[in-house]
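So the chains spell out like this:
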Amino acid sequence: MDIRGPRLKKQSDAALEFTSSMPSDGRIARQVVRVNMAHMVALVRSREVAEETASACAGFLLSVSPTTEPGAKSEDYHQQLEQEAVDSLGVGKAGFLNLGKSRNDQVASAVRMELRAAILDLWEAVLDLQTSLLKVAERHASTIIPGYTHLQRAQPVTLAHHLLAHFDALGRDAERLAQLYPRVNQSPMGAAALAGTSVPVDRDLVSGLLGFDGLVRNSMDAVSSRDFLVEAIACAATSMLDASRLAEEQILWGSKEFGFIELDDAYSASSSIMPQKKNAVVSELVRAKAGTVLGSFAAAGAILKAVPYSYNLDLQEATPHLWRAMDDATTSLRMLAGTVATMSVNADAMSAAASEDDSTAVALANYIVKTHGLSFRQAHSIVGELVRVSSEKGVPLSRIASAQMPRVSAKFGKRFSIDESTARSLLDPTNFVKAISTSGGANPRFAADELARRRKEVASSRAKLRKLGSRLRASEKRLLRATSGLAREVKTKE
Ligand code: ARG
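Predicted model only: the values in this text are computed from it and were never measured. (Residues numbered from 1 in each chain as written. Predicted model: local features only at pLDDT ≥ 70, side-chain atom pairs only at ≥ 80, totals over all residues. Heavy atoms only, no water.)

(A) A look at the nonpolar core. In this structure, Leu-115, Leu-210, Leu-229, Leu-322 and Met-326 are the most contacted members of the largest nonpolar core, which totals 122 residues. In this structure Leu-210 touches Arg-34, Val-35, Ala-38, Met-113, Arg-116, Met-189, Ser-475 and Leu-479, once residues within four positions along its chain are discounted. With 20 residues, the next largest nonpolar core counts Leu-397, Val-408, Phe-416 and Ala-423 among its residues. (Core = buried A, V, L, I, M, F, W, Y, C linked by side-chain atoms within 4.5 Å. Buried < 20%, exposed > 50% of the residue type's maximum accessible area, 1.4 Å probe, protein only. Contact = heavy atoms within 4.5 Å.)

Spelled out as structure tokens, the structure:
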């Protein structure tokens, strides 16, 4: 049996190898078998296939091992599966498997089904990374650390606050995956090649058996669309962009120049020549893989651009980029979660760094506005000048403030002074963060509440994830039960 049939003469081996999707079809093989099961259940329900034939097909599908051998000569797993069925049951029976369906609706269905699981895996990895961040944040609710802009010390924050910023970005990544899931989980089956089919296939029945939430309604859209795939890669890429920024900070913070953290040996490597070296190789690779995943996004987008409707083999070329992106993102996030969970934090180095560089100077400006009625821009100028003098003389800002405030403030038409201890207290990093009043700011007083909020968020996201996972497993069981029923039915009648 050959689908080229009497229509075409033999294909060149090289062309077959070039066009075959077998090297990447292993990923969807199990799903392809399931699609065949559900479709056969629908065919027998609408009496398009005799029970005996359906039973034989069901028995075959239950027994087949969904694998692709490297080097197997076939256009794809869809064709190989049918060939195996024909070899086992004869074309008189197995030849009904593809009544009313095409590889076009089948592959779109199988990719969507396999992607569901990949989305749940990535989602879980995001939650695990968030959980790791949360645990470190809980231990460091009031550890003072410099906050940076332009990679220059800017204003003190707490370590918890900094880590929660990463946490929240990842939270949106999880949210995006949750929103993507129902768009992916729609059934193309019944679209057949592109137009639908005269064979009465109950689309809702097949959709339900495959655990889909509903139909990709338009049959041409069902076989042509891969926006779900691009969107999934975009979600993976966004998570990786977020992860890469965290990974980059781990690398910086682990350097002697910062000395803020030390990554665990379990996630570090040494050098072949420099025996003293300890390199943050996991974080480095996460940073790099963000680029790889972005590459998959660019590749898939470029492949799909301007492909005319409906199915073209171009679509096949996009699929491996999907798996690569989802797998790279999932593994990277899992690895990163491990590095965060095991890293040690040098709180002393962090707070020492936070008290250098006058990073609390704005507190002095705000004080001048409040107590002396100058505008913020005037106060900003006064403090700017004091900082310049302080750094020129190498004398602490609080002392310069008390010595020179009268002179500098007089330039702005108001002569006033400040004593050194008031200035020192205003400029103290701990006092600085404690004075923050805006919600969502770095005041350690807010930490307990903010952390509790995040714990709840992770728990509810995890609950949603679990529910989707168990729904998937339940639908798989239902499908297997329906297929076994079909396989048994005739045997008991015999
Ligand atoms: N191997 C194809 C893919 O992965 C399956 C569909 C092929 N359809 C076709 N008409 N050649 O997209």
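We are not done yet, so read on.
(B) The arrangement of the pattern of salt bridges in detail. In the structure shown here, the tally under the stated rule is 27 salt bridges. Across the pair Arg-455 and Glu-138 runs a salt bridge, and its minimum N-O distance is 2.3 Å. Taken together, the residues Arg-455 in helix 20 (residues 447-493) and Glu-138 in helix 7 (residues 103-139) connect sequence positions 317 residues apart. Given the relative accessible area of 34%, Glu-138 is considered partly exposed. Overlapping salt bridges, with partners in common, bring together Lys-10, Asp-13 and Lys-73 in one network. (Salt bridge = Lys/Arg side-chain N within 4 Å of Asp/Glu carboxyl O. Helix = DSSP H or I, 4+ residues; strand = E, 2+ residues; numbered from the N terminus.)

(C) Summary view of the pairing of strand 1 (residues 144-149). The sheet contact formed by strand 1 and strand 2 (residues 152-158) spans six bridges and is antiparallel. If you follow Ile-144 over to strand 2, its bridge partner there is Thr-158. Counting the residues in the hairpin turn of strand 1 and strand 2 gives two residues, including His-150, whose phi is positive at 55 degrees. (Pairing = 2+ DSSP bridges.)

(D) How the structure looks around the site of the ligand. For the ligand, the full set of nearby residues is Ser-21, Asp-76, His-78, Arg-103, Asn-104, Val-107, Tyr-311 and Gln-316. The side chain of Ser-21 places a nitrogen or oxygen atom 3.0 Å from a nitrogen atom of the ligand. In this structure, Asp-76 approaches the ligand through a side-chain N or O atom, which is 3.0 Å from a nitrogen atom. Taken together, the residues of the shell around the ligand sort by class into two nonpolar, four polar and two charged. (Near = heavy atom within 4 Å. Polar contact = N/O pair within 3.5 Å; in protein donor to acceptor, adjacent residues only side chain to side chain. Nonpolar A, V, L, I, M, F, W, Y, C, P; charged D, E, K, R; others polar.)

(E) Up close: the packing of aromatic side chains. Counted according to the given criterion, the structure contains three aromatic pairs. On the numbers, 5.7 Å between centres and 50 degrees between planes, the contact of Tyr-148 with Phe-258 is tilted. Residue Tyr-148 is found in strand 1, and its partner Phe-258 is found in the loop between helix 11 (227-254) and strand 5 (261-262); the two are separated by 110 residues along the sequence. Plain terms: the ring middles of Phe-258 and Phe-260 are 5.4 Å apart, the flat faces sit at 90 degrees to each other, and that makes the pair edge-to-face. When sorted by exposure, Phe-258 lands in the same class as Phe-260, which is buried. (Phe/Tyr/Trp six-rings, centres within 6.5 Å; stacked < 30°, edge-to-face > 60°.)

(F) Inspection of empty space enclosed by the protein at higher detail. Counted under the stated rule, the structure contains one cavity of 30 Å³ or more. Lining the largest cavity, in full, are Leu-133, Leu-163, Leu-246, Glu-249, Gln-250, Trp-253, Val-340 and Met-343. At four residues, the largest contribution of residues to the lining of the largest cavity is made by helix 11. Partitioning the lining of the largest cavity into residue classes produces six nonpolar, one polar and one charged. (1 Å grid on protein atoms, 1.4 Å probe; cavity = no way out; pocket = protein on both sides within 12 Å on 5 of 7 lines; lining within 4 Å. Points joined across faces, edges and corners; volume = space filled by probe spheres on them.)

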